Amino acid sequence: MSTYDKTQATHEFTRWSESYDRSILQVLLFGPSHRAIIKRIKAEYGDQPIRVLDIGCGTGVFASRIREALPNAQVWGIDLVRGMLTKGVERWKRHADGICAIQADSERLPFGWGAFDVVTCANSFHHYPHQDLAVEEMRRVLKPGGRLMLVDGYRDRPYGWLIYDVCVAGIEGAVHHASAARFRELFGAAGFEQMTQKVHPGFAPFLLNEAIAPSLARTIPAPHFAEVSSRSTSKSV
Ligand SMILES: C[S@@+](CC[C@H](N)C(=O)[O-])C[C@H]1O[C@@H](n2cnc3c(N)ncnc32)[C@H](O)[C@@H]1O
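This one's a predicted model, so the numbers in the text were calculated from it and none came from an experiment.

Structural notes on a nonpolar patch on the surface
- A cluster of nonpolar residues, Tyr-159, Trp-161, Leu-162, Val-166 and Phe-203, forms a patch on the protein surface that exposes about 490 Å² of accessible area.
- Residue placement: Phe-203 occurs in the loop between β6 (193-200) and β7 (206-212).

So, in structure tokens, the structure goes:
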């Protein structure tokens, strides 16, 4: 089975970067999905000075919308494709005091543990060849109790399947829109808790997956040694 890889993503988005901000998808899918995430961030954090990481930030449309809606938020955007980041240069300049854009891969985030209150990922996840690694990285860079908010095309119903698995995959190649069940599996395996999922219907239906990063005690792996009982310590060796 062929899979979509990072070289294909780089070619696709380097090519698309020229017209990306004028795409009809800005109206049909990207804009509505950005508004849905921003509404949820506002509901949870209000005006607090939070640190947000936007993964697959592209030309920065979403990152700048977050900043405009939440002026106290500091936003980091990462994207695999230099051409997409370069096209957003005017946006990065305009928001230089609140947004920092970095070229990086979702599967190897250039941040330490627990660096962010919120991680967002909008319309990018279906391009990741190793979605499990990306979700683990999202968990790693979130503070305990921090929130992941991830939107991608909803492909479970026949209409969603037609749009994403037939039409979008026909254009983009072997991208993978995860089912709602698969998201639950991936988030659970990475240790996320209190997961919720909301379908936003429409011409381009999307699924907003949300979950909370576990507390530190659950995050730190179990020690690689067994407990020593008093009986075994008294034995001579
Ligand atoms: C459809 S665009 C979405 C851009 C933006 N999040 C939005 O909603 O408007 C998908 C983005 O994901 C990026 N991308 C693809 N694979 C990636 C990866 N492995 N790591 C980081 N970004 C990636 C692409 O370069 C592209 O900018």
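So, the pairing of strand β2 (residues 74-79)
- The element β2 is largely enclosed, with a buried count of five among its six residues.
- Direction of pairing for strand β1 (residues 51-55) relative to β2: parallel, over a ladder of five bridges. Looking across to β2, one finds that Asp-54 is bridged to Gly-77.
- Between the parallel pair β1 and β2, the chain is carried across by helix α3 (residues 61-69), and the sense of this crossover is right-handed.
- Pairing of β2 with strand β3 (residues 99-103), which is carried by five bridges, proceeds in the parallel orientation. Across the sheet, residue Ile-78 finds its bridge partner in β3, namely Ile-102.

A word on the site of the ligand
- For the ligand, the set of nearby residues contains 18 residues, the closest of which are His-34, Gly-56, Asp-79, Ala-122 and Ser-124.
- A distance of 2.6 Å is found between an oxygen atom of the ligand and a side-chain nitrogen or oxygen belonging to Asp-79.
- Interatomic distance of 3.0 Å between a side-chain N/O atom of Asn-123 and an oxygen atom of the ligand.
- Bound to the protein, the ligand loses 99% of the 600 Å² it would expose on its own.
- Among the residues making up the shell around the ligand, the classes are represented as nine nonpolar, seven polar and two charged.

Some remarks on unusual backbone geometry
- The backbone phi angle of Asn-123 is positive, close to 60 degrees, even though this residue is not glycine.
- Along the chain, the position of Asn-123 falls in the loop between β4 (116-122) and α6 (131-141).
- A relative accessible area of 9% means that Asn-123 is categorised as buried.
- With a phi angle near 50 degrees, Gln-194 is a residue other than glycine that sits in the positive phi range.

A closer look at the sheet that holds β7
- Reading across the sheet, the seven strands line up as β3-β2-β1-β4-β5-β7-β6 and stay open at both edges, with mixed pairing between neighbours. Each edge of the open sheet carries a strand with a single partner, namely β3 and β6. Within the sheet, the average angular offset between the axes of one strand and its neighbour, ignoring direction, is 15 degrees.

What counts, and where the lines are drawn
Residues numbered from 1 in each chain as written. Predicted model: local features only at pLDDT ≥ 70, side-chain atom pairs only at ≥ 80, totals over all residues. Heavy atoms only, no water. Patch = residues over 30% accessible without salt bridge, like charges linked within 9 Å, V, L, I, M, F, W, Y side chains within 5 Å. Areas by Shrake-Rupley, 256 points an atom, 1.4 Å probe, with all protein chains shown as cover. Salt bridge = Lys/Arg side-chain N within 4 Å of Asp/Glu carboxyl O. Helix = DSSP H or I, 4+ residues; strand = E, 2+ residues; numbered from the N terminus. Buried < 20%, exposed > 50% of the residue type's maximum accessible area, 1.4 Å probe, protein only. Pairing = 2+ DSSP bridges. Right-handed = clockwise from strand over helix to strand, strands pointing away. Near = heavy atom within 4 Å. Polar contact = N/O pair within 3.5 Å; in protein donor to acceptor, adjacent residues only side chain to side chain. Nonpolar A, V, L, I, M, F, W, Y, C, P; charged D, E, K, R; others polar. Axes fitted to C-alpha atoms, helices over the stretch in contact; angles between N-to-C directions.

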